Number of protein chains: 2
Amino acid sequence: MSRRSYHHGNLKEALIRAALDLIAQHGPAGFTFAEAARTAGVSPAAPYRHFRDRDELMADVARRGFARFEAVLELAWSQGRPDPFTAFERIGRAYLAFARDESAYYSAMFETGVPLDVNPDLAAAGDRTLAVLKQAAEAICARLPPERRPPPLMMALHVWSLSHGVASLFGRGDAARRKLPMAAEDLLEAGVLVYLQGLGLGARTP
Amino acid sequence: MSRRSYHHGNLKEALIRAALDLIAQHGPAGFTFAEAARTAGVSPAAPYRHFRDRDELMADVARRGFARFEAVLELAWSQGRPDPFTAFERIGRAYLAFARDESAYYSAMFETGVPLDVNPDLAAAGDRTLAVLKQAAEAICARLPPERRPPPLMMALHVWSLSHGVASLFGRGDAARRKLPMAAEDLLEAGVLVYLQGLGLGARTP
DNA sequence: CAATTGATGTAAGACCGTCTTACATCCGCC
DNA sequence: GGCGGATGTAAGACGGTCTTACATCAATTG
């Protein structure tokens, strides 16, 4: 597709990439529709052919972010191989790695206040991501005798909350974040280990 | 102070209150310097006499938020009376109550990306808040034999992360947040209980 | 093989918010 | 009673959002 032609050819994708770049550079707030258009080399009005407004572009970025996040977590889990505990630890590290390396996606997903109730697709993408965590939690819970088995959804929500908390408060090099005496990864891993211990899953002994 | 006089009389305070109202109504992003000025009944340029820019007003709101938050958590802890575990549970509930009831402050503190490294006062206010959590963690850890005693700072960071995660993801009525099959307070309490159990603090038996 | 038509981009402009500069008013203090 | 600093206003440059009217292109279709 010639760069000289009147039509861009793939403006929608270009705008999404521009949004990611701009969010990565200037934070989730420092991104404007107009600048995304400039980055893509089109007029300020062109993006409106593809997105109703700035928020819709942001929501689309968030939706794609959830899809990637789901794939990343699914890969980390790898059906619980070689054993659920090793795989569960991989999920925690993958979570923080995504928050750090795909910071623009993570911002769009969790730090922009995109309303879920008017974005069914976005909500569904988030649900699928949660489902990966829940699946992992189920495999872990299955190691416990039924009478001491917690609800897997609750366990998934705990792990998600702890991971999101660590990522938000300490997870990125960002100047807005607090400095830590330890790596965020180690903080999260220690927290999850204590949590699993608390469920009665002491040091990987079924 | 007459509302008719040329000078407002207490514009700085009025702007902060206006900022809180506007954040509460339209979210942390939907607040403008100009609208705060309108709310206070002054010209759009007047706020610049009191704050260098919009971010400085936001940072001031965040700083005050941390001071209030610290007071709330300190009150909830109440020097660990009647016993550290009861007091610790109160902290968790107070955390979520603050995030819900003082939503505007909480947003300014954690969701606006105010850089900490250029706001020493803000960073210090945040540190004092963390100190309350650390103090509580120390009292809890003291119940454990020294050889099984975790670093209190780590424990404080875990509890903070979990609380912040629950508050961010599920804590507010906000349309941006996900619906839950349980109250956020119960989710957090259950998580903290499992965590304490994992530290070897089973069901409040020293 | 045009001609039409819908999709895509541009031009222009209304409106709003940020922030600056120059000026007006007021209060406290000597 | 008037000086000076503090506080507010007026006006305007600049940029972002979004709309409306128009231009261009590409693909279908007769």
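Thresholds applied
- Residues numbered from 1 in each chain as written.
- Chains lettered and ligands numbered in written order.
- Predicted model: local features only at pLDDT ≥ 70, side-chain atom pairs only at ≥ 80, totals over all residues.
- Heavy atoms only, no water.
- Least-squares fit on C-alpha atoms with pLDDT ≥ 70 in both.
- Near = heavy atom within 4 Å.
- Polar contact = N/O pair within 3.5 Å; in protein donor to acceptor, adjacent residues only side chain to side chain.
- Domains from an automatic or database assignment.
- Contact = heavy atoms within 4.5 Å.
- Buried area = accessible area lost by both parts, 1.4 Å probe.
- Salt bridge = Lys/Arg side-chain N within 4 Å of Asp/Glu carboxyl O.
- Helix = DSSP H or I, 4+ residues; strand = E, 2+ residues; numbered from the N terminus.
- Nonpolar A, V, L, I, M, F, W, Y, C, P; charged D, E, K, R; others polar.
- Buried < 20%, exposed > 50% of the residue type's maximum accessible area, 1.4 Å probe, protein only.

(A) Representation of the relation of the copies chain B and chain A. With an RMSD of 0.1 Å, the operation that places chain B on chain A is a rotation of 180 degrees combined with a shift of 0.0 Å along the axis. In symmetry terms, the pair is related by a two-fold rotation axis. When C-alpha positions in chain B are compared against the rotation axis, the closest is assigned to B:G198, at 1.6 Å.

(B) Layout of the protein's contact with DNA strand D. Every one of the 22 residues lining DNA strand D counts as a neighbour, but A:A34, B:H8, B:S43, B:R49 and B:H50 are closest to it. Near-protein atoms of DNA strand D (within 4 Å) split between backbone and bases, with sugar and phosphate holding 59%. Here A:R49 contributes a side-chain N or O atom positioned 3.3 Å from a base nitrogen of DNA strand D. Residue A:R54 places a main-chain N or O atom 3.4 Å away from a phosphate oxygen belonging to DNA strand D.

(C) Representation of the domain arrangement of chain A. Residue and element names in this part refer to chain A. Split by domain assignment, chain A resolves into domain 1 (1-51) and domain 2 (54-204). Listed as interface residues are 15 residues of domain 1 and, on the opposing side, 12 residues of domain 2. Here domain 1 packs against domain 2, burying approximately 1200 Å² in sum over the two surfaces, 74% of which is carbon and sulfur. The tally of links between domain 1 and domain 2 comes to one salt bridge. For the interface between domain 1 and domain 2, the tally reads two residue pairs in polar contact (both at pLDDT 80 or more). Ranked by residues supplied to the side of domain 1 that touches domain 2, first place goes to helix α1 (residues 11-26) with eight residues. Split into classes, the residues belonging to the side of domain 1 that touches domain 2 amount to 11 nonpolar, two polar and two charged.

(D) Just the interface of chain B and chain A, in detail. Every contact between the two is made by 38 residues of chain B and, on the other side, 38 residues of chain A. Interface area, chain B with chain A, both sides summed: about 3100 Å², of which 74% is carbon and sulfur. For the pair chain B and chain A, the interface holds two salt bridges. Salt-bridge contacts for A:R178 lead to B:D127; the nearest nitrogen and oxygen are separated by 2.5 Å.

(E) Representation of the pattern of salt bridges. Under the definition given, this model contains 32 salt bridges over all chains. Note that B:R93 is salt-bridged to B:E189, the shortest N-O span being 2.4 Å. Here B:E189 lies in helix α8 (residues 184-198) and B:R93 lies in helix α4 (residues 84-101), a separation of 96 residues in the sequence. Judged by its relative accessible area of 23%, B:E189 falls in the partly exposed class. The network of salt bridges with shared partners includes A:E13, A:D60, A:R63 and A:R64.

(F) Layout of the protein's contact with DNA strand C. In the region of DNA strand C, 22 residues are neighbours, and A:H8, A:S43, A:R49, A:H50 and B:A34 sit closest. Of everything in DNA strand C that lies within 4 Å of the protein, sugar and phosphate atoms constitute 60%. For DNA strand C, a phosphate oxygen lies 3.0 Å from a polar atom in the backbone of B:F33. Contact between DNA strand C and B:R54: a phosphate oxygen at 3.5 Å from a main-chain N or O atom of the residue. Here the element with the most residues in the surface near DNA strand C is helix α2 (residues 33-40) of chain B; it accounts for three residues. Along the lines of polarity and charge, the residues of the surface near DNA strand C split into 10 nonpolar, seven polar and five charged.

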